[in-house]
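# Report on the structure
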Amino acid sequence: MKDRIADLIASRKHLVRRLPDPSTILPGSLLSRMVRCNKPGCRYCEKGKGKGHGPIWILSVSLGNRRVRQIPIPTEMKAEVEEGLRTSAQMQKSLRQIARVNLDLLEERKRRR
Ligand SMILES: [Zn+2]
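Let me sum up the structure you'll find in this document.

What counts, and at which threshold
- The numbers attached to residues start from 1 for each chain and follow its sequence in the written order.
- Totals for whole chains, interfaces and linings use every residue, but because this is a predicted model, local features are given only for residues with pLDDT of at least 70 and side-chain atom pairs only at 80 or more, for both listing and counting.
- Side-chain numbers here rest on the full set of heavy atoms in the structure, without hydrogens or water.
- Every angle, taken between N-to-C directions, lies between 0 and 180 degrees, and every axis is a line fitted to C-alpha atoms, over only the stretch in contact when it is a helix.
- Helix numbering and strand numbering both begin at the N terminus, where a helix is a DSSP run of H or I of at least 4 residues and a strand a DSSP run of E of at least 2.
- Angle categories: roughly parallel below 35 degrees, roughly antiparallel above 145, roughly perpendicular from 65 to 115, and oblique for all the rest.
- For any pair of crossing helices, the crossing counts as left-handed if the nearer helix is rotated counterclockwise from the farther one by less than a right angle, and right-handed if it is rotated clockwise.
- In this description, contact between two residues means that some pair of their heavy atoms is separated by no more than 4.5 Å.
- By the convention adopted, Pro, Cys, Tyr, Trp, Phe, Met, Ile, Leu, Val and Ala count as nonpolar, Lys, Arg, Asp and Glu as charged, and the other residues, Gly among them, as polar.
- Between rings of Phe, Tyr and Trp, where Trp is taken as its six-membered ring, a pair exists when centres lie within 6.5 Å; planes separated by under 30 degrees are stacked, by over 60 edge-to-face, and by other angles tilted.
- Should the NZ of a Lys or the CZ of an Arg lie within 6 Å of a ring centre and within 35 degrees of the ring normal, that charge is described as sitting over the ring.

Where helix α1 (residues 4-17) meets helix α2 (residues 78-111), the closest approach of the two axes is 10 Å, and the angle between their N-to-C directions is 165°. With respect to each other, α1 and α2 are oriented roughly antiparallel. Judged by the twist between their axes, the crossing of α1 over α2 is left-handed. Residues Arg4, Ile5, Leu8, Ile9, Ser11, Arg12, Leu15 and Val16 of α1 pack against Gln97, Ile98, Val101, Asn102, Asp104, Leu105, Glu108 and Arg109 of α2. Here the contact of α1 with α2 is built from residues that sort into 8 nonpolar, 3 polar and 5 charged.

The next point concerns the packing of aromatic side chains. Tallied over the full model, the rule gives 0 aromatic pairs. Across the ring face of Trp57, the terminal group of Lys78 is positioned such that the distance to the ring centre comes to 4.2 Å.

Right, dumping it as structure tokens:
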């Protein structure tokens, strides 16, 4: 049987090597919203019928203390924002995995004292 500590260190090394480039990460989540223009006679905004204009895209970021920062995202920047959010999620997932390996390492090292 191989050394468990060596295995854990190897899998941690693997996880660290696969960490994404964090330079473009973004916080928050992308929401879509329909908007009403309030122009009389607009068929998109007609009461009870129209769904409004859009969707427009909004990056919504919780700042804590119930404060939220909302940034409207132009369509041509949407893909870039989605990529930043994906990278952020991947980064967080990888960090959680590394932290779990470190927990196992800690326990294994304690067992061998
Ligand atoms: Zn309208």
